[in-house]
Amino acid sequence: MRKLIRITTVPVSLKILLKGQCKFMSDYYDVIGISSDGSELQKTALDENITVIPVQMTRVISPVRDLVAVYNLFRIFKREKPFIVHTHTPKAGTVGMIAAKMAGVPNRLHTVAGLPLLEVTGNKRRLLNFVEKITYGCATKVYPNSFGLKEIIIKEKFCRALKLKVIANGSSNGINTDYFNSEVAASKVVNREQLGIFESEFVFIFVGRLVSDKGLNELVQAFKILSAEYNNVKLLLVGGFENDLDPLLPKTVDEINSNNKIISVGYKNDVRPYFALANALVFPSYREGFPNVVMQAGAMGLPSIVSNINGCNEIVIEDYTGIIIPVKSADAIFIAMKKMMVDEEYYMSLKKNVRKRIVENYEQSVVWQALLKEYKSIEINV
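What you see is a predicted model; the values in this text were computed from it and never measured.

**Student:** Before we move on, can you summarise empty space enclosed by the protein with the specific residues and values?
**Tutor:** Evaluated as defined, the whole model comprises three cavities of 30 Å³ or more. Lining the largest cavity we find 14 residues, and of these Thr111, Ile167, Ser171, Ser172 and Leu371 sit closest to its centre. Of all the secondary structure elements, the ones that give two or more residues to the lining of the largest cavity are strand 4 (84-88), strand 6 (141-144) and helix 17 (364-380). When its residues are assigned to classes, the lining of the largest cavity shows six nonpolar, seven polar and one charged. In this model, the second largest cavity occupies a volume close to 60 Å³. What lines the second largest cavity is Val294, Gly298, Leu302, Ser304, Ile315, Val316, Thr321, Val354, Arg357 and Ile358. Of all the secondary structure elements, the ones that give two or more residues to the lining of the second largest cavity are helix 13 (292-299) and helix 16 (344-362). Sorting elements by how many residues they give to the lining of the second largest cavity places helix 16 first, with three residues.

Right, dumping it as structure tokens:
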């Protein structure tokens, strides 16, 4: 059985973002997972029934540690002799593709699930552009996980269009619509009263890292105005703060802490009970690849308010499954939230379409089969 090595920078990506994919592929390949060390990596080995190898990688720019990671990966590749190395996440992509090319791995695949550099300017942007070109240059195939992202890569001239391909309809892993199902999640609903949420209230939910480039500053600013105007509304935040990499504005943190209509519950392994409490998702991110949370919300029957960026504007259809708004506009968020909350007929028209849209286009098994077909096509062409 040929060897397939999957690499992510941190183990939570291997464990959650690619959940189930490595286990599925292990029926066809000898799968090895590589990521930074930690209990989550060992948990992934058990969950996915694969071998894992820890290699320390960092998400920040660190030339010395990155060179060490390249060297360690190079040694592993020379020893394991994989048929395919497939990387996911920016740093794993860079060090993994460089090491794989140096080691003579014949098939070097990289999935692009968002471009953090799009929010960077100046010398740092030029450096990140250069690194991106190196990553794609070392890869034999590059898989943007949305059609919009593919167009951005072509526009930025990171690599030739012939090297690019979107798997299925987009997404890195699809979504398990049996798992994200409001009927299944009904038994898992958390206690509304304990959270201070009542049946009469319209609940907006945000799920993700509580950081600036997810649009949290604008969301909280918009909700501050909305909650002053209406009593029957709550904002539920599910996710952890990242104060080191991308902190929120101090006034945003103050509003989250002081506004009794904002409920922040921190990071949760199972977000379904919180979706089950909510009426609509608000996800005003600045940049994405193909956001899982929008698919998850849709599968749970929630309409979404999303920013007009790649991925988001591919999953959500305007006035059919949600509302698409300009990026970085608190005013637009406010108007969209108010419309969805006040116009019940409009809201219900969106709600009836959302799950059907996700099931028909982004079911996990469809994405897995499409990726397997891509792997097998590589074997045929050898």
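**Student:** I'd like a description of helix 6 (residues 122-138), backed by residues and values.
**Tutor:** Here helix 6 spans 25 Å end to end across 17 residues, near enough to the 24 Å set by a 1.5 Å rise per residue. Those residues of helix 6 lying buried are Arg125, Leu128, Asn129, Glu132, Thr135, Tyr136 and Cys138.

**Student:** Can you tell me about unusual backbone geometry, naming the residues and giving the values?
**Tutor:** One non-glycine residue, Asn49, lies in positive phi territory at about 55°. Of note, Asn49 is situated in the loop between helix 3 (39-48) and strand 3 (51-54). Notably, Ser171 is not glycine yet its phi reads approximately 90°, a positive angle.

**Student:** Which residues make up helix 11 (residues 250-258), and what values do they have?
**Tutor:** Residues Thr252, Glu255 and Ile256 constitute the buried set of helix 11. The arc that holds the buried residues of helix 11, viewed along the axis, is 100°, so those residues lie on one side. Looking at helix 11, the residues exposed on the side facing more than 90 degrees away from the buried face are Pro250, Lys251, Asn257 and Ser258. The inward-facing, buried residues of helix 11 contact helix 10 (216-229), strand 8 (233-238) and strand 9 (262-266).

**Student:** Got a sec to walk through the nonpolar core? Specific residues and values, please.
**Tutor:** Core analysis: the biggest nonpolar cluster contains 63 residues, and Phe204, Ile205, Leu236, Phe275, Val294, Ile305 and Met337 have the highest contact counts within it. When residues of this core are assigned to their parent elements, the largest contribution, seven residues, is made by helix 15 (residues 330-342). With sequence-adjacent residues up to four places away left out, Phe204 is seen in contact with Leu226, Val233, Lys234, Leu235, Leu236, Ala280, Val282, Ile305, Met337 and Met341. Residues Ile7, Ile53, Ala100 and Leu128 belong to the second largest nonpolar core, which totals 34 residues.

**Student:** An account of the sheet that holds strand 3 is requested, with residue identities and associated values reported.
**Tutor:** Strand order in the open sheet made by the six strands is 3-2-1-4-5-6, with parallel pairing throughout. Edge strands, defined here as strands with exactly one partner in the open sheet, are strand 3 and strand 6. Each neighbouring strand pair of the sheet contributes to a mean axis angle of 20°, computed without reference to strand direction. Relative to strand 4, strand 1 (residues 3-7) is paired through four bridges, and the arrangement is parallel. Within strand 4, the position partnered with Leu4 by the bridge is Ile84.

**Student:** Can you break down the packing of aromatic side chains residue by residue, with the values?
**Tutor:** Inspection of every chain in the model, using the stated rule, returns nine aromatic pairs. On the numbers, 5.0 Å between centres and 80° between planes, the contact of Tyr179 with Phe180 is edge-to-face. Among the residues examined, Phe180 registers a relative accessible area of 10% and is labelled buried. The rings of Phe24, Tyr28 and Trp368 are connected pair by pair, giving a single aromatic cluster. Above the plane of the ring of Tyr286 lies Lys328, whose end atom (NZ or CZ) is 4.7 Å from the centre.

**Student:** Which residues make up the pattern of salt bridges, and what are the values?
**Tutor:** On inspection of all chains with the given rule, the structure shows 18 salt bridges. Residue Lys165 is joined to Glu374 by a salt bridge in which the shortest nitrogen-to-oxygen separation is 2.7 Å. Of this pair, Lys165 sits in the loop between helix 7 (147-156) and helix 8 (182-185) while Glu374 sits in helix 17, placing them 209 residues apart in sequence. Residue Lys165 is classed as partly exposed on the basis of its relative accessible area of 36%. According to the relative accessible area criterion, Glu374 is buried, its value standing at 6%.

**Student:** Go over the packing of helix 5 (residues 90-102) against helix 6, please, and point to the residues and values.
**Tutor:** One way to put it is that helix 5 packs onto helix 6 with a least axis distance of 8 Å and a crossing angle of 40°. In terms of orientation, helix 5 lies oblique with respect to helix 6. Crossing hand, helix 5 versus helix 6: left-handed. Between helix 5 and helix 6, the residues in contact are Gly93, Thr94, Met97, Ile98 and Lys101 and Val131, Ile134, Thr135 and Cys138, respectively. The residue makeup of the contact of helix 5 with helix 6, split by class, is five nonpolar, three polar and one charged.

**Student:** Please set out the sheet that holds strand 12 (residues 322-325) residue by residue, giving values where relevant.
**Tutor:** Two strands in a sheet stick together by hydrogen bonds in their backbones, pointing the same way (parallel) or opposite ways (antiparallel). Across the sheet, which stays open at both edges, the six strands sit in the order 9-8-7-10-11-12 with parallel pairing between neighbours. Lying at the two open borders of the sheet, with one neighbouring strand each, are strand 9 and strand 12. Averaged over all adjacent pairs, the angle separating strand axes in this sheet is 20°, with direction ignored. The pairing of strand 10 (residues 280-283) with strand 11 (residues 304-307) spans three bridges and is parallel. Residue pairing for strand 11: Val282 is matched across the bridge by Ile305.

What counts, and where the lines are drawn
Residues numbered from 1 in each chain as written. Predicted model: local features only at pLDDT ≥ 70, side-chain atom pairs only at ≥ 80, totals over all residues. Heavy atoms only, no water. 1 Å grid on protein atoms, 1.4 Å probe; cavity = no way out; pocket = protein on both sides within 12 Å on 5 of 7 lines; lining within 4 Å. Points joined across faces, edges and corners; volume = space filled by probe spheres on them. Helix = DSSP H or I, 4+ residues; strand = E, 2+ residues; numbered from the N terminus. Nonpolar A, V, L, I, M, F, W, Y, C, P; charged D, E, K, R; others polar. Expected span 1.5 Å × (residues − 1). Buried < 20%, exposed > 50% of the residue type's maximum accessible area, 1.4 Å probe, protein only. Arc of directions from axis to C-beta. Contact = heavy atoms within 4.5 Å. Core = buried A, V, L, I, M, F, W, Y, C linked by side-chain atoms within 4.5 Å. Pairing = 2+ DSSP bridges. Axes fitted to C-alpha atoms, helices over the stretch in contact; angles between N-to-C directions. Phe/Tyr/Trp six-rings, centres within 6.5 Å; stacked < 30°, edge-to-face > 60°. Lys NZ or Arg CZ within 6 Å of the ring centre and 35° of its normal. Salt bridge = Lys/Arg side-chain N within 4 Å of Asp/Glu carboxyl O. Parallel < 35°, antiparallel > 145°, perpendicular 65-115°, else oblique. Left-handed = near helix turned anticlockwise from the far one by under 90°.

On their own, these measurements won't tell you what the molecule is for.
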